Amino acid sequence: MGDTQDDGRERSVRMYAPDFLTELFRNPLDPGYADAAARRAHAPVSGWRAWPARSVSLLVVVALGFLFAVAYEQTMADEPGRSQARSGLVAQIKQRERETDRLSERADQLRAEVARQRAAALSGSQAARLRNLEAGTGMGRVRGDGVVVRLADAPDKADAVTGADAGPSRVLYSDLQGVANDLWGAGAEAIAINGQRLTATSTIRSAGQAILVDYRPVTGPYEVSAIGPGSMKQRFEESRTALLMREVAEKTGLSFGVREAEDLTLPAAPEPRLRYAQPSVSPSPSPSGADRSASPGPSGSGTSTSPSGGGR
Amino acid sequence: MIAVLALLAGVVLGVWLDPTVPAALQPYLPIAVVAALDAVFGGVRAKLDRIFDDKQFVVSFISNVLVAALIVYLGDQLGVGGQLSTGVVVVLGVRIFGNVAAIRRHLFRA
């Protein structure tokens, strides 16, 4: 190191290039400038002879500015390409969501229209029977008193340090399944999760971090509303899921609450898509008779729903 | 002063003409810019040191850009383009830093 320092100081005596990086750090200026200055000191260039060189160097400066501008434009042109694709996708998603909302709104309107027309066309008793069936199967909006079970994820606490306990303190799809099942067991006649009505074919599943109810994502806090008899809250509180969830809530900070609610309104479920079954077109008495005999379970719940169904 | 005006003229020219860079030359553009920056800061420092020389400036600019592009091209052909451009950027970056530090000493005496 001492040698190279000497070399640096006595540049004229230097015989070999010192360590390249050391030289680079100590003396970043092109040595050519010093050489040129030394040459000029020996033979000064007069004014008019310096002009060509000066104009060339000005041209180079112009070229420099040009280069910077081009490079800047190039980089800017590349950058939007990436973010544009992203924002384009986001915009598409937003637009499709709006479209879906609009279409489902229209579907609801049409369904209400159909229901009204049907009610006008059918005789009173038949219409009432249909309404009850719809209420029982989740195809129609229902109103009544019941309970609301509220589940919410535990607040994120020291997630970065103890990442392990972030997992179990979230509400799982199986929790919602258990709550829904035990509410049915406690005598609920209609259940909705965050405004998504459950029917006989509803699914509660998880996809990654999200919970899907009937293939539509629901996010916490989850409110499971159920319409049923007055004893439902008591019976649900004694059910296995409620006990389990209370314990889980105590241990992990996840929140779980059951409260009675008056005058709940649960929306209709979307029309089920029939894949295999086809509606048979036959004289009206036989399907209704078959319906009555083939499905004692739903019809039982349907008749018990009649007060709430009639209330609409 | 004239140099600054010339630089601005170049920028305006670049914006106004808005040339499209051929795809083959695109990888060399950033390296060329870094090399040009090195030449510029070297020139400014030389000016402040009162040893500026037009010929030296022109030659250093052109050779810097060409050599940088050549190294990147060579690296691309050898399959080590990324590493070689990193090397070029490191070397030129060190020089830019050193020259800027000298300029700063000139301007602020600190």
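Residues numbered from 1 in each chain as written. Chains lettered and ligands numbered in written order. Predicted model: local features only at pLDDT ≥ 70, side-chain atom pairs only at ≥ 80, totals over all residues.

1. Observations concerning the nonpolar core
Counting residues in hydrophobic clusters, the biggest one holds 32 residues, and the most contacted among them are A:L176, A:A180, A:L183, A:I191, A:V224 and A:A226. Where this core is concerned, the elements lending two or more residues are β1 (142-152), α6 (173-185), β2 (190-193), β5 (210-213), β7 (222-227), α7 (232-237), α8 (240-252) and β8 (255-266) of chain A. Counting residues in each nonpolar core, the second largest holds 30 residues, with A:V60, B:V34, B:F61 and B:V88 among its members. (Core = buried A, V, L, I, M, F, W, Y, C linked by C-beta atoms within 7 Å. Buried ≥ 20, exposed ≤ 12 C-beta atoms within 10 Å, placed from the backbone. Helix = DSSP H or I, 4+ residues; strand = E, 2+ residues; numbered from the N terminus.)

2. What to know about the sheet that holds β1(A)
Residue and element names in this part refer to chain A. Strand order in the open sheet formed by 5 strands is β3-β2-β7-β1-β8, and the pairing between neighbours is antiparallel. Edge positions in the open sheet fall to β3 (196-197) and β8, since each of these has one partner strand only. Two strands pair when backbone bridges link them, and β2 and β3 are joined in this way by 2 bridges, in the antiparallel orientation. Each residue of the ladder has a partner; that of A192, found in β3, is R197. (Pairing = 2+ DSSP bridges.)

3. A closer look at the UniProt feature "transmembrane region" (unreviewed entry) in chain A
When the UniProt feature table is mapped onto this chain numbering, "transmembrane region" (unreviewed entry) sits at residues 51-72 of chain A. As a span, residues 51-72 of chain A carries 100% helix and 0% strand, and end to end its C-alpha atoms are 32 Å apart. (UniProt positions renumbered as here; feature names shortened; annotations may be inferred.)

4. Quick word on the pairing of strand β4 (residues 204-207) of chain A
Residue and element names in this part refer to chain A. Pairing of β4 with β5 involves 4 bridges; the strand directions are antiparallel. Paired with R205 across the bridge in β5 is L212. As consecutive antiparallel partners, β4 and β5 are separated by 2 residues, and within that stretch G208 has a phi angle of approximately 65 degrees, a positive value.

5. A short note on the interface of chain B and chain A
Counting from both sides, the interface comprises 39 residues of chain B and, opposite them, 29 residues of chain A. Of all the secondary structure elements, the ones that give two or more residues to the side of chain B that touches chain A are α1 (2-17), α2 (28-48), α3 (54-78) and α4 (81-108) of chain B. A total of 11 residues in the side of chain B that touches chain A trace back to one element, the largest contributor, which is α1(B). When the residues that make up the side of chain B that touches chain A are grouped by side-chain class, the tally is 25 nonpolar, 8 polar and 6 charged. (Contact = placed C-beta atoms within 7 Å. Nonpolar A, V, L, I, M, F, W, Y, C, P; charged D, E, K, R; others polar.)

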